[in-house]
Amino acid sequence: MSSKQHETIYLEDYQPPAWLISHTELRFELEEEHTLVRAQLSVRANPAVADKRMPLELFGDEAMELCRLSIDGQILETCDYQRDAGCLRIQNVPEHFTLECVTRLLPHENTALEGLYKSDGMFCTQCEAEGFRRITFFPDRPDVMSVFRTTLVADKARYPVLLSNGNPVDNGEDGEGRHWVTWDDPWPKPSYLFALVAGDLALLEDNYTTLSGREVALRIYAERKDLDKLDYAMQSLKNAMRWDEGVYGREYDLDIYMIVAVDFFNMGAMENKGLNIFNTSCVLAHPKTTTDLGFQRVEGVVAHEYFHNWSGNRVTCRDWFQLSLKEGFTVFRDAEFSADMNSRTVKRIEDATLLRTAQFAEDGGPMAHPVRPESYMEISNFYTLTVYEKGAEVVRMLHTLLGSELFRKGSDLYFERHDGQAVTTDDFVAAMEAVSGRDLSQFKRWYSQAGTPLLTVSDQYDEHTGEYCLNVRQSCPPSPGQEHKQPYHMPLAMGLLAEDGAELYAGCLELTGEEQQFRFTDIASRPVPSLLRGFSAPVKLDYQYSDAQLLMLLRHDTDGFNRWDAGQRFCIRLLQEQMRRYRAGEPMQCPDVLISAWRELLTDASLEPAMVAQCLELPSEAQLSELAEQIDVTAIHAAREFMRAALATALEQEWLQAYQRCDTGAAYAADAASMGRRSLKNLALSYLMLTGCEPWLELARQQYEQSDNMTDQLAALSLVAHSGFRETGAELLQAFYQQWQHEALVMNQWLSVQASDPTPGALARVQALSTHPVFDARNPNKLRALIAGFCARNLFHFHAEDGSGYEWLADWILQLDRRNPQIAARLLTPLTRWKRYDTERAALMQAQLQRMMDTAELSADVYEVVSKSLM
Ligand code: B3K
Ligand code: ZN
């Protein structure tokens, strides 16, 4: 590891590139022992940079072997250039020249899964953010855009399929068993969008005619055994293409659109121009092997990567501080797509929950950063919930403030102004300003200030004058490096309801000041405010609702999101009270009002089952943790389990009826209504199982054995496996293993179910599983299933009082850091929150962080997270 690893990069130091690359010609000779890469770059001085005598600086990983370097055919000797940690510098180069560079790579030894590597015998690449510098020496930064022409040469029998960006323009064979294909991508792109794939792959093919009549071949590649799992991704792709034409007026711009599924992948998927590479978990879908959640992920991720073709590829980021320019916008686009394809309210609930649970926690932790960060050590650590999800909320607020028509005009202008450019979030906002005539300078604080704002709302009602007054105060807690925050500009969507539920007002207020008052006249009786409808801004809301007001909103609010939210607020309040009782040694209680409110929801057949399921799901332990002043793992677990058990017993008959109502016997369909029914059915089964009664175990077993789909089978499996019926649990786990051992993605679920089993002995179980043959520590999906499954979804055991969970995680991180730093740093997240826990746990967590810190040779990825956590 280099001495450069601990260097911090600052946004304010940005300088435009001194050298531009108009053309990049690459030739890959893919062999078993190594790969030779010949790169020819057409280099010219950037006319926009005055100093023409700047040295040429190329990035290149230290481990990469440089075999030959020449300028305009003249070989350079080692004395003609300087090579130090990650950088190659050549002085005194002409204004235009061709640089040729040959590097030798060892893809089969590349366990970091960045650059060129092998996944299950096939070659593939991952270049975002800085993987291209592991392939060749290059100005590997997003503001250097170049046209690429790529030739792949490989053994024909082993690698019959050779793919790269763009269109195939030539191919041939060398007569010695090798073949080659040349790909040409006419669109200038930054190196992070480069991709290649070589392997023995099967393919599902379809086609699409764009709005203007361009014919596009759609190809999804996967291993032959997975060919039957590609239809859903294909349909999602076509839906996404149609949607982007309709909603944003954006068409696809190449003759071929390819997606390749690979099993070894650090994240979900990658939007390489014309050649997306996907984690199998985000593309393969079949009712028998994939849960409803999996189907939704495939639909969302396929759309997300497709949408990047405009928001990311045609218009890209100037530098990596601008990451949210493409990610926030694209997440907003994919969320709207999913909302249009499924239930809008349910999608909003899911997104708000993710934000409140995980992004708020990030905002309140040591790695907190603005949507546009100001500095980083390792950019891979900034592919965060803040940049993605909060970034999407920022775009959503612009959409709300401007309205959809102006927003669309703004997006049109943005694409038109900046097509083919690498730009900034300021450019995005400037386009929105230009079409709306609005001054959005205050709004831009959302990009530069970190932390979750808090809205404190109070009200007065004057029954003589009929005037209702709402006082809104906003504040934002300090975050690392930002002590004081300026007020934000945000939309506050709201309504006023009469006590009987009639809606008196609905609209959207704009907040700009630290403290503001809003007056409503002619209000006949004291209203109940329904605030922050649809989660109109990514903030915390504090308004002292009475229990009766919350229950009224749960019953009557016209905003589906706020109905759900009122129920959640009520449950949170009750759970917090039980936590207090638990700590005080008082008996816990489940009040009758909750039971009757839930009975009402559960028996109201007119409600969408998906919504009922959302309303009847108690806030997770993770969310309760985020809300706690100091996280008391034991009290949270005890209170939540108590409440679940009480609701299970009190409503046993209603749960059964809901189960039976949703158990239609219809064949599996992956539509929103069927998914909603399954979610309520399985929620009902989970409550029935909590009663501990034998007949419900039988019901679960029956569902396990008879279901025609993975959603129902896995739900039954996990309920039984997590129950007190240990023997039946073990039996079903074994049966599941026997049935699915050859399906890698199903085995991830199998690991995950066991990792999140909350019954005693959890750590010993995950330790044993880490030596099981289906587990493979080189595969990120397996690591996520087992390690994150335990540390993030089995909080009670991960936070065991003796610190054993922390030590286990730290052991893994130290081991993984040598192999795959990105994954190691990501898995580290739970330990970064140590200051939020009681002194004993905090000390144990801190000790593990310190132990990592004391280890020589941490990667920059892990070093950055550990050192910032210890600050
Ligand atoms: N742009 C990629 C993420 C790359 C992550 C690199 N560490 C996937 C996406 O957001 O679409
Ligand atoms: Zn993305």
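As shown above, the structure is provided for reference.
Keep in mind that this is a model prediction, so the values were computed, not measured. (Residues numbered from 1 in each chain as written. Chains lettered and ligands numbered in written order. Predicted model: local features only at pLDDT ≥ 70, side-chain atom pairs only at ≥ 80, totals over all residues. Heavy atoms only, no water.)

Draft legend 1. Inspection of the overall build of the protein chain at higher detail. Each helix and strand counted, the protein chain has 28 helices and 31 strands in total. A globule of 871 residues ought to have a C-alpha radius of gyration of about 29 Å, and the protein chain, at 28 Å, matches this closely. On the principal axes, the C-alpha backbone points of the protein chain span a range of 85 × 65 × 60 Å. In the protein chain, which comprises 871 residues, the share counted as buried stands at 60%. Nonlocal contacts in the protein chain, meaning residues at least 24 apart in sequence, comprise 70% of its contacts between residues at least 6 apart. When the accessible area of the protein chain is evaluated, it comes to approximately 33,000 Å², of which 49% is carbon and sulfur surface. Taken as two groups, the 83 positive and 126 negative side-chain charges of the protein chain have centres that lie 1 Å from each other. (Helix = DSSP H or I, 4+ residues; strand = E, 2+ residues; numbered from the N terminus. Rg over C-alpha atoms; globule rule 2.2 N^0.38 Å. Buried < 20%, exposed > 50% of the residue type's maximum accessible area, 1.4 Å probe, protein only. Contact = heavy atoms within 4.5 Å. Areas by Shrake-Rupley, 256 points an atom, 1.4 Å probe, with all protein chains shown as cover. Lys, Arg positive; Asp, Glu negative; His and termini not counted. Charge placed at Lys NZ, Arg CZ, Asp CG, Glu CD.)

Draft legend 2. Here's a closer look at the site of ligand 1. Taken together, 13 residues sit near ligand 1, with Glu128, Ala269, Glu271, Glu305 and Tyr388 positioned nearest. Within the side chain of Glu271, one N or O atom sits 2.8 Å away from a nitrogen atom of ligand 1. Between Tyr388 and ligand 1, the recorded distance is 2.5 Å, taken from a side-chain N or O atom to an oxygen atom. Calculation on ligand 1 without its partners gives an accessible area of 330 Å², and the protein chains cover 95% of this total. Mapped by element, the contributors of at least two residues to the shell around ligand 1 are strand E20 (269–270), helix H2 (292–307) and helix H3 (323–341). A class-by-class count of the residues in the shell around ligand 1 yields five nonpolar, three polar and five charged. (Near = heavy atom within 4 Å. Polar contact = N/O pair within 3.5 Å; in protein donor to acceptor, adjacent residues only side chain to side chain. Nonpolar A, V, L, I, M, F, W, Y, C, P; charged D, E, K, R; others polar.)

Draft legend 3. Structural detail: a negative patch on the surface. Among the surface-exposed residues, Glu801, Asp802, Glu807 and Glu840 lie close enough to one another that they form a single negatively charged patch. Position of Glu807 relative to the elements: it lies in helix H24 (residues 804–817). (Patch = residues over 30% accessible without salt bridge, like charges linked within 9 Å, V, L, I, M, F, W, Y side chains within 5 Å. Salt bridge = Lys/Arg side-chain N within 4 Å of Asp/Glu carboxyl O.)

Draft legend 4. Representation of the coordination of the zinc ion (ligand 2) within the structure. Taken together, the protein ligands of the zinc ion (ligand 2) are His304 (NE2), His308 (NE2) and Glu327 (OE), with distances of 1.9 to 2.0 Å. Read in sequence order, the donor residues coordinating the zinc ion (ligand 2) give the pattern H-x3-H-x18-E. You can see His304 sitting in helix H2 and its partner Glu327 sitting in helix H3, a full 23 residues away along the chain. (Donors = N, O, S within 2.8 Å, 3.2 Å for Na, K, Ca; no water.)

Draft legend 5. Up close: the sheet that holds strand E29 (residues 515–520). Overall, mixed pairing links the four strands, which are arranged E29-E26-E25-E31 in an open sheet. Edge positions in the sheet fall to E29 and strand E31 (540–543), since each of these pairs with one other strand and no more. Across the sheet, the mean angle from the axis of one strand to that of its neighbour is 20°, orientation sign disregarded. The pairing of strand E25 (residues 454–462) with strand E26 (residues 467–475) spans nine bridges and is classified as antiparallel. For Ser458, the partnering residue across the bridge sits in E26 and is Asn471. (Pairing = 2+ DSSP bridges. Axes fitted to C-alpha atoms, helices over the stretch in contact; angles between N-to-C directions.)

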